[in-house]
Amino acid sequence: MEKHFAVIGDPIEHSLSPWMHNAGYKTLEIDAEYQRFRVETNHLAESIKGLCALGFSGWNVTIPHKESIIPYLDHLTPQAKRAQAVNTVKYHQGQLIGHNTDGDGFIRSVEVDLREFEGKKAVLLGAGGACKGIALALAEQGMELTILNRTPEKAEKLVELILKEGGKASSGRFAPGGWLETVDLLVQTTSVGLHREPFPFSLEGISKQALVVDIIFNPMETLFLKEAKKLGCRTQNGLGMLLYQGALAWEFWLGRQAPVEEMGKALKNRLLERMFYKEK
Ligand SMILES: NC(=O)c1ccc[n+]([C@@H]2O[C@H](COP(=O)([O-])OP(=O)(O)OC[C@H]3O[C@@H](n4cnc5c(N)ncnc54)[C@H](OP(=O)(O)O)[C@@H]3O)[C@@H](O)[C@H]2O)c1
């Protein structure tokens, strides 16, 4: 193999990234391989040295290393600085460059459906790591954000960060309200629904014009998305975000356009395969 890529995290066995990236190399006949490695927190420093020594050109970074990897890197791109988190590392000419494709990946996944961002209203449910990247990217596109989180202090902290970056944002009660009638983009970023449990409140009264996204992709349709669809909204699950953050990392490493369609197919097939075998 000429080039080596990977994803590091803990846990990592559920990562779908190898299927998506390897499908991309195969499509474009690139002599490369993408692997996944479980890296425990206390082994992060040696793992980075090891990946460099073994000739890896880049790797993705997932929970719990997205923030703790920063001190080991030589440079950060503006996207990584903005998110204060890294999901992609490029090793080039002895330098480690940290990048973040989560926020822009989300933007790419909704731009066809949403068309314009500037001046539109987005409501984000949650205020965790994934929400932060999405919120900062949406604010940069000129959307007016409302952040609603079960623990209000976390939403307030995220709002402060967005305001500091020059965006428009406010926080509110983690409950239904007048915002349902005016929202253009509703993004569910909490982990509620991962185990097929219902969302804590109903979306009754939501504008039919709204695009509703749940960033969970397994299950492919959470009860939250099912309700939004029933109420007449357009819906999207988290596969688009996963695909485009991967495609942007691919392009950052290889400097050429990623074959998104084939990568998306590989992702979906692998997920279906996994669900089928689990449910059998
Ligand atoms: N599609 C993708 O590419 C992608 C990428 C990253 C993550 N994700 C998904 O995004 C979700 C969140 O990930 P994360 O990394 O942001 O996690 P995180 O940092 O741990 O944040 C979890 C969020 O969920 C909220 N939450 C958890 N249980 C809740 C409950 N019972 N009721 C209300 N709120 C609850 C938390 O609220 P509190 O602050 O009140 O605890 C917090 O806002 C996960 O499901 C993950 O699979 C998808």
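- In the annotation of an unreviewed UniProt entry, the entry for the chain reads Shikimate dehydrogenase (NADP(+)), and the organism field reads Desulfosporosinus orientis.
- Per its UniProt entry, the chain bears the Sequence similarities (unreviewed entry) comment "Belongs to the shikimate dehydrogenase family."

### What to know about the domain arrangement of the chain
Step number 1: Looking at the assigned domains, one finds that the chain contains domain 1 (3-100 + 243-279) and domain 2 (103-237).
Step number 2: Put simply, the middle of domain 1 and the middle of domain 2, counted by C-alpha atoms, are 25 Å apart.
Step number 3: Between domain 1 and domain 2, the contact holds 16 residues from the first and 16 residues from the second.
Step number 4: Approximately 1,400 Å² of surface area, both sides summed, lies buried where domain 1 meets domain 2, with 56% of it carried by carbon and sulfur atoms.
Step number 5: Between Arg82 and Asp104 there is a salt bridge, and its shortest N-O distance comes to 3.6 Å.
Step number 6: Breaking the side of domain 1 that touches domain 2 down by element, the ones donating at least two residues are helix H3 (78-83), helix H9 (239-254) and helix H10 (260-279).
Step number 7: The element that contributes the greatest number of residues to the side of domain 1 that touches domain 2 is H10, accounting for five residues.

### Focus on the sheet that holds strand S5 (residues 88-92)
Step number 1: Strand order across the open sheet formed by six strands is S2-S1-S3-S5-S6-S4, with mixed pairing between neighbours. Of all the strands in the sheet, just strand S2 (32-38) and strand S4 (75-76) have a single pairing partner and so form its edges.
Step number 2: Of the strand pairs in this sheet, strand S3 (residues 56-61) and S5 are connected by three bridges, and their pairing is antiparallel. Across the sheet, Asn60 pairs through a bridge with Thr88, a residue of S5.
Step number 3: Along the sheet face, helix H1 (residues 17-27) touches strand S1 (3-9), S2 and S3 and points at about 170 degrees away from the line of S2.
Step number 4: Against the sheet, H9 engages S1, S2, S3, S5 and strand S6 (95-99), with an angle of about 10 degrees to S5.

### Side note on the sheet that holds strand S11 (residues 211-214)
Step number 1: Spatially, six strands are ordered S9-S8-S7-S10-S11-S12 in an open sheet, and the strand pairing comes out parallel. Every interior strand has two partners, whereas the edge strands, strand S9 (168-172) and strand S12 (234-236), have only one. Going from strand to strand, the sheet's axes swing by 20 degrees on average, the running direction of each strand aside.
Step number 2: Bridge analysis of strand S7 (residues 121-125) against strand S8 (residues 144-148) gives five bridges, and the strand direction is parallel. Looking across to S8, one finds that Leu124 is bridged to Ile147.
Step number 3: Where helix H4 (residues 102-114) meets the sheet, its contacts fall on strand S10 (185-188), S11 and S12, and the angle it forms with S11 comes to roughly 155 degrees.
Step number 4: With respect to the sheet, helix H5 (residues 129-140) is in contact with S7, S8 and S10, its orientation differing from that of S7 by roughly 170 degrees.

Criteria and thresholds
Residues numbered from 1 in each chain as written. Predicted model: local features only at pLDDT ≥ 70, side-chain atom pairs only at ≥ 80, totals over all residues. Heavy atoms only, no water. UniProt positions renumbered as here; feature names shortened; annotations may be inferred. Domains from an automatic or database assignment. Contact = heavy atoms within 4.5 Å. Buried area = accessible area lost by both parts, 1.4 Å probe. Salt bridge = Lys/Arg side-chain N within 4 Å of Asp/Glu carboxyl O. Helix = DSSP H or I, 4+ residues; strand = E, 2+ residues; numbered from the N terminus. Pairing = 2+ DSSP bridges. Axes fitted to C-alpha atoms, helices over the stretch in contact; angles between N-to-C directions.

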